[in-house]
Each structure stands twice: as C-alpha cells, then as structure tokens.
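# Report on the structure
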Amino acid sequence: MAKRTGIEVSIAVSEAVKLANTDVIAAYPITPQTHIVEHLAELVAQGELNAEYIPVESEHSAMSACLGSSAAGARTFTATAGQGLELMHEVVYVASSMRLPIVMAVANRALSGPLSVWGDHSDVMSVRDTGWIQIFVENGQEAVDNTICAFRMAEDSRVLLPVMVHLDGFHLSHMVEPIMMPDQKEVDEFLPPFNYPLPLDPSKPVTMGAFAPPIVFTEAKWAQEMNLEQSKDVILEVWKKFGDKFGRYYNPVECYRCDDCETLIMTMGSFSETAMMAIDKLREEGKKIGLFRIRLWRPFPFEEVRETVKNAKAIIVLDRAISLGMGGPVASELRNALYPLEKRPKIMGFVGGLGGRDITPTDFEKIIKRGLEIAAAGSNREFEIYGVRE
Amino acid sequence: MTNSEDKMTWKDVEIGCIVTKPGSATITQTGDWRSRRPTYDFSKCIKCAICQTYCPEGCIHQNEKGNYVADLFYCKGCGICAKECPKKVITMIEEKE
C-alpha cells in the first residue's frame, strides 16, 4: 500500500524515477536540480536501483548520452535547470525530432545574466519550441505522479516523444512535503515495459539522425508537428488511467473556483497554490474571481483554454519570465489562443517573481486589483512589471 | 525513407526520420547538385589514377579502354580531379540544362 511520507520534493522525484525502473540516467548536477540526480546516483551506487548512471562532463553530453540510451531501447531519465538546459539546448531539439522518449525533470531557474541560481520560468521559455511534451506541476505529489505518467506518455507507441516535467526551482524542488508515494507493485501494473519499435540493433541495422535535404525536411517537420498534436489524446488517456488507479486526476487546464467568474487569473507552476489563497480571501469578500493554470504547456491546450475562459471578461496573467522586447510570453500565447473568439476577454499581463523573488497571497491581491484597474481604464498596454522598485 | 523522396508524403516519414534500408546513399542522385561537369582529352591521359584517388565522392572508375571517368549520377562537379590532374586531361564546363 502507498503511504504518506514527509519528503523533499527533489528526493521524491528521484524515488519516482526509481519506481519507474529506469534503465539509464545520464545527468550533470546544477542548482536547483542537484538533489534529484544526486539521490539517483546514491540509489544506483547502493544497488537500490538497477540502472546505468552515466556521470557526464556537461549537460550537452548528458542529453547526447540520453539519445543513445533511448535509441538502444532503454528507459532513460535526466534532469537539469537554467544554464544546464541552455547548454544542452541543441540536443533537446534532436531528442524530439528523433522521437526518443526521454523523460527530463527541469527545476526551473532564471537565466544569466546577472547570474542567478533562483527560480523563474526563463529556462522553460527558451525550450518552448523544442517539440517536447511539457507538463507543469505545482506541488510534490504532482511532481511524483507526473514523473511516473511522463514515462507512460513518452513511451506509448502512438507518441514516442520526450517529456519535460517542470517544477519550480527551490520554491518547489527544495520543499519538504507530505507525499503519497505509490508502491512498486502499483507502478509496475501502471507502467508497461518500454519497447522502442526500431532500436539500435546490430542484427537489424538502421541509420538514426541522418540529414534531410530540402526535398524531405518539410515533410519531416510536419510529421513531427502532427505527432505532437496527436499525442494529446494519449496524454489525456494516461492521466485518466492514472486517476482511475491512484485516485488523483490531472487535466491540461486546471481550474480553481472558476465557475461563474468574469475575472480570472492565470498562472503556471507552484505559485498557483499561493494564488489560491488570494482567491479564497477575495471570494470571502464576495468578489467573483477564479484561477486557472496551464498544466499541459505543450502541446498547447487551445480547446480547453477557450472553454475555460468562455464567460470571462478579464484575464490577469502572471508571467514568471520576460521575453525582452516583447513582454510576458504566457500572456502573449494566451492572446494568440483567444484571438479567434468572437467575444475576446481583456488580457492584462504582469511579469513578476523573477529570479526567485517571492509572490505572496497579498502580492496576488495587488496584482488582481491593478489588473482590474487597467481593464476598467480600457488600456491596451501589453504588460506591466510587478514589484519593481521605482 | 522511400527511394523516391520527391513523392514521399509526411505520412511516409519513418519514426524520427530513421533510415531503415541500408545503402540509401547509392540511390541518391548527388549528380543533380552539379553546376559544372568534367570533360576529358584522353590523348593526354597517362592513367596515373590521381583523379580517382582525390575524388571526394569516390565516383571515378576505369572504363573498358582503361580511362578514368566520373560517374555523372554521383559527380557533384567539384572540379578537384581537374585541379589535381598532372596532364590537364580534364576541363570543367558549365552544365547547360
């Protein structure tokens, strides 16, 4: 039987990787992801996890080793954050275009400069277009559950795509939380063995990662896009089956007290739970404000987002990253997703919580108040930064 | 990938663009990249095979008369053979069509 344990979230993610009977881990330590791979190294060294641990010399090598391992048909995991994700950047694209179902935890961190080891979503935004399935988690339980789900989604023969599980650096990765750790038997029943259809095999040679001339490149990219779009059905199916077995259900877009709301706030990641506290308080004061969060960042859940906001008149978005010269990346994606609607809500973008700065429930209240002011004034300002000292 | 890449649809692309049939390079007509092609004055040829040795495509072979000739299905027209030939047997000319 599964039991509730007080455990650091990073360690819990490593334990989930162990429960998934991962064959190969190739990783390089970087703050704030270090505890995940450090604990996995311990589990392998102590013989608790029968896996190959490849201590590589950089993140570029980590992802490259993962390509080889996954192509050989081994269940493969890695983890990184911030600058590490940047260093592996070019290979991140190769993993998805070669359709290798690697699972990677990303303990989201700000990008230099100035140098920061603390959390925000700059690193996520730099890998938006890499063709990976990307899932945001908000607490330790979701991190464990979605790490296990990620393997099943990735390795499904209809998908065969790598999956990133995004958890906020420090704000989530370093918390000690009560988590229901599933037991081995349950995970074994849930997670079928990995069978890559065309693995590296000397008796049946194939060429992987060959170049594509202009005459096939467009077809190759469209095949990849179709594959990523169609993976959504399997993602939903895996979450449903996980829920039926473990009692915890996940959705591409998660709502909190959204019903009958004309004003919604939108977040991604662990700050969502802080926002819920602000929502509760404002609801008690009789203000009809709800919260929705994007859990499935890629493939982007257009239909679910449009359905969620269909009655909204104003949406306040908190972006934990800044796309310099443009604004809040999530707010701009939301504008893109809602543009085809006949009745478009106003969207107020805020950039805040950068480089590890906290956003408290009181901050959320201020953001909501300011957002409603802007909406009432009918301003078309693209975005505002929250909490900057003038 | 199939042999006729120009007729291949996106649905024909193998998982991750994996090449499942070995020897796909032998059916790829790299000759159509060429903008210049080699011509020969075999009266000057001493059959030293330097052109064959230097050809990066490996597409120069001896014909029945013993002369060294590029296979134009593969020859990309780089002109290295013409540059290296000690007897100036080879002249590169513009492809017209």
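See above for the structure.
Keep in mind that this is a model prediction, so the values were computed, not measured.

### A word on helix α9 (residues 214–246) of chain A
Over its 33 residues, α9(A) extends 47 Å from the first C-alpha to the last, a length consistent with the 48 Å expected when each residue adds 1.5 Å. Immediately downstream of α9(A), the backbone of A:Gly247 shows phi near 85°, a positive value.

### A look at the sheet that holds strand β6 (residues 133–136) of chain A
All names here are of chain A. The mixed open sheet is built from seven strands, whose spatial order is β3-β2-β4-β5-β7-β6-β12. Edge strands, defined here as strands with exactly one partner in the open sheet, are β3 (52–55) and β12 (296–298). Between one strand and the next, the sheet's axes are offset by a mean angle of 20°, whatever the strand orientation. The sheet contact formed by strand β4 (residues 76–80) and strand β5 (residues 103–108) spans four bridges and is parallel. Bridge pairing in β5 places Thr80 opposite Val106.

### Let's talk about the pairing of strand β13 (residues 314–319) of chain A
All names here are of chain A. Across the six residues of β13, six count as buried, placing the element largely inside the fold. Examined bridge by bridge, strand β10 (residues 263–267) and β13 share four bridges and lie parallel to one another. Pairing of Thr263 across the sheet is with Ala314, part of β13. Sheet analysis places β13 next to strand β14 (residues 346–351), joined by six bridges and oriented parallel. If you follow Ile315 over to β14, its bridge partner there is Ile347. Since β13 and β14 lie parallel, the crossover through helix α12 (residues 329–338) that links them has a hand, and here it is right-handed.

### Details of the pattern of salt bridges
Opposite charge on two side chains permits them to pair, given that their charged atoms come into close proximity. Going through the model one piece at a time under the given rule, you end up with 31 salt bridges over all chains. For A:Glu365, the salt bridge goes to A:Lys281, with nearest N and O atoms at 3.1 Å. Here the residue A:Glu365 occupies a position in helix α13 (residues 361–377), and A:Lys281 occupies one in helix α10 (residues 271–284), the gap between them amounting to 84 residues. The salt bridge involving B:Glu95 is made with B:Arg37; its shortest N-O contact spans 3.3 Å. Note that B:Glu95 is positioned in the segment after β4 (90–94) and B:Arg37 in strand β1 (residues 36–40), a separation of 58 residues in sequence. Using a relative accessible area of 16% as the deciding quantity, one classes B:Glu95 as buried. Beyond isolated ion pairs, a larger network of salt bridges with shared partners links A:Asp156, A:Arg158, A:Glu237 and A:Lys241.

Conventions we followed
- Each chain carries its own residue numbering, running from 1 in the direction its sequence is written.
- Written order decides the labels, with chains lettered from A and ligands numbered from 1.
- Given that this is a predicted model, residues contribute local features only at a pLDDT of at least 70 and side-chain atom pairs are listed and counted only at 80 or more, while totals for whole chains, interfaces and linings are drawn from all residues.
- Each side-chain value is worked out from all heavy atoms of the structure, with water and hydrogens disregarded.
- Per the convention used, a helix needs a DSSP run of H or I reaching at least four residues, while a strand needs a run of E reaching at least two, with both numbered from the N terminus.
- Expected span, for any helix, means 1.5 Å times one less than how many residues it has.
- Strands qualify as paired when DSSP identifies two bridges or more between them.
- Axis lines are fitted to C-alpha atoms, over the contacting stretch for helices. Their N-to-C directions set the angle, which ranges from 0 to 180 degrees.
- For each residue, the accessible area found with a 1.4 Å probe, counting protein chains only, is set against the maximum for its type, and the residue is called buried under 20%, exposed over 50%, and partly exposed in between.
- Handedness of a crossover is defined as follows: orient the strands so they point away from the viewer, and if the path from the first strand over the helix to the second runs clockwise, the crossover is right-handed.
- Between Lys or Arg on one side and Asp or Glu on the other, a salt bridge is scored when a side-chain nitrogen of the former is within 4 Å of a carboxyl oxygen of the latter.

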